[in-house]
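# Descriptive analysis of the structure
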Amino acid sequence: PPKLSLVPAGGFVSAPDILRLMMMESANDSALVAAEKIGKEINFDRGFELDFNSALQAAVSAMNKKAHELGLQRTNFINPIGLDDALQYSSARDVFALAQYIFLNHSAVWHASRHYQAPLTYRDLDGREYEITLTNTNPLLQDYTRIIGSKTGLTDEAGQALVFLYRLKDGRAIGVILLRSTDRFGDGDKIIEWLDLAPLKR
């Protein structure tokens, strides 16, 4: 089933915190909220408000259009949260290209996922504020402070996935893409240890 966020139904959350819920907690309901908002804003000038499913379809269309603009030839979106679908797919090369584009043009996305734990404040319908603690789905952040940001994924068809950006000792950033892993965090740990031990290229 889709993973839900820690914010109860009816809670008011800021846009930056919606991003943190998506990136840290991998909360699918937060991703749906963001996709609905985007889909409705895309069609705002049409003079009517889209229903939920139509707004999601509009957001997915925008995602595919952006993927085409970025040259992601082996990527196609059917839903905005990565659930299994025979027509939804991507490749390690495309995921890397997307991660690089986000790093260079929308670094706040990666920044939202760089901490293992972080506080989040939300309001209920009566305006009362509550604070919860977000815990990142990537435990490697506890041990490696040079991880710039990460995103986890897990479905029956795709298996374990992990994408993260890592800052090398010489200051360069490198992207690590793990797809269909059976031990993504163990694999990620081994890769980071190798990167830290590898001699620097001059």
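Predicted model only: the values in this text are computed from it and were never measured. (Residues numbered from 1 in each chain as written. Predicted model: local features only at pLDDT ≥ 70, side-chain atom pairs only at ≥ 80, totals over all residues. Heavy atoms only, no water.)

### Comments concerning the overall build of the protein
If you tally the helices and strands in the protein, you get six helices and five strands. Rg of the C-alpha trace for the protein: 18 Å, near the compact-globule value of 17 Å for 202 residues, within the 12% margin. Based on the C-alpha atoms only, the size of the protein along its principal axes is roughly 60 × 40 × 30 Å. Going through the 202 residues of the protein one by one, you find that 36% of them count as buried. Taking the intrachain contacts of the protein between residues at least 6 apart in sequence as the baseline, contacts between residues at least 24 apart amount to 46%. Carbon and sulfur atoms provide 55% of the accessible area of the protein, an area that totals close to 12,400 Å². Within the protein, the 25 negative side-chain charges are centred at a point lying 8 Å from the centre of the 22 positive side-chain charges. (Helix = DSSP H or I, 4+ residues; strand = E, 2+ residues; numbered from the N terminus. Rg over C-alpha atoms; globule rule 2.2 N^0.38 Å. Buried < 20%, exposed > 50% of the residue type's maximum accessible area, 1.4 Å probe, protein only. Contact = heavy atoms within 4.5 Å. Areas by Shrake-Rupley, 256 points an atom, 1.4 Å probe, with all protein chains shown as cover. Lys, Arg positive; Asp, Glu negative; His and termini not counted. Charge placed at Lys NZ, Arg CZ, Asp CG, Glu CD.)

### Some thoughts on the nonpolar core
Listed in full, the 12 residues of the largest apolar core are Leu140, Leu141, Tyr144, Ile147, Leu162, Phe164, Tyr166, Leu168, Val176, Leu178, Ile192 and Leu195. Put simply, the parts of the chain that give this core at least two residues each are strand E4 (159-167), strand E5 (173-181) and helix H6 (184-197). At three residues, E4 tops the list of elements feeding residues into this core. Residues Ala118, Leu120, Tyr122 and Leu134 belong to the second largest nonpolar core, which totals nine residues. (Core = buried A, V, L, I, M, F, W, Y, C linked by side-chain atoms within 4.5 Å.)

### Here we look at the sheet that holds strand E3 (residues 147-155)
The three strands are arranged E3-E4-E5 in an open sheet whose pairing can be described as antiparallel. At either margin of the open sheet sits one strand with a lone partner, and together these are E3 and E5. Strand-to-strand, the axes of this sheet are offset by a mean angle of 5 degrees, without reference to chain direction. The pairing of E3 with E4 spans eight bridges and is classified as antiparallel. (Pairing = 2+ DSSP bridges. Axes fitted to C-alpha atoms, helices over the stretch in contact; angles between N-to-C directions.)

### Topic: the packing of aromatic side chains
Evaluation of the coordinates by the stated rule reveals one aromatic pair. Their ring planes at 20 degrees and their centres at 5.5 Å tell us that tyrosine 122 and tyrosine 130 sit as a pair that is stacked. For tyrosine 130, a relative accessible area of 35% translates into the label partly exposed. (Phe/Tyr/Trp six-rings, centres within 6.5 Å; stacked < 30°, edge-to-face > 60°.)

### So, the packing of helix H1 (residues 15-24) against helix H2 (residues 28-42)
Where H1 contacts H2, the axes come no closer than 8 Å and their chain directions differ by 135 degrees. As judged from the angle between their axes, H1 and H2 are oblique. Seen along the crossing, H1 lies across H2 with a hand that is left-handed. Counting all contacts with H1, which are made through Ile18, Leu21 and Met22, the residues of H2 involved are Ser30, Ala31, Val33 and Ala34. (Parallel < 35°, antiparallel > 145°, perpendicular 65-115°, else oblique. Left-handed = near helix turned anticlockwise from the far one by under 90°.)

### Here we look at the pattern of salt bridges
As enumerated under the stated definition, the model contains eight salt bridges in all. Residue arginine 128 pairs with aspartate 124 through a salt bridge whose shortest N-O separation is 2.9 Å. Taking relative accessible area as the criterion, arginine 128 reaches 47% and is therefore assigned partly exposed. Close ionic contact of arginine 128 with aspartate 126 constitutes a salt bridge, the shortest N to O distance being 3.1 Å. Of the residues examined, aspartate 126 reaches a relative accessible area of 62% and is grouped as exposed. Through salt bridges with shared partners, a single ionic network connects Asp124, Asp126 and Arg128. (Salt bridge = Lys/Arg side-chain N within 4 Å of Asp/Glu carboxyl O.)

### Here we look at H1
Each α-helix winds once per 3.6 residues, and so residues spaced three or four apart point in a common direction. Most of H1 is tucked away, with seven of its 10 residues classed as buried. Asp17, Ile18, Arg20, Leu21, Met22, Met23 and Met24 are the residues of H1 that are buried. In the stretch just after H1, serine 26 is the one whose phi turns positive, near 55 degrees.

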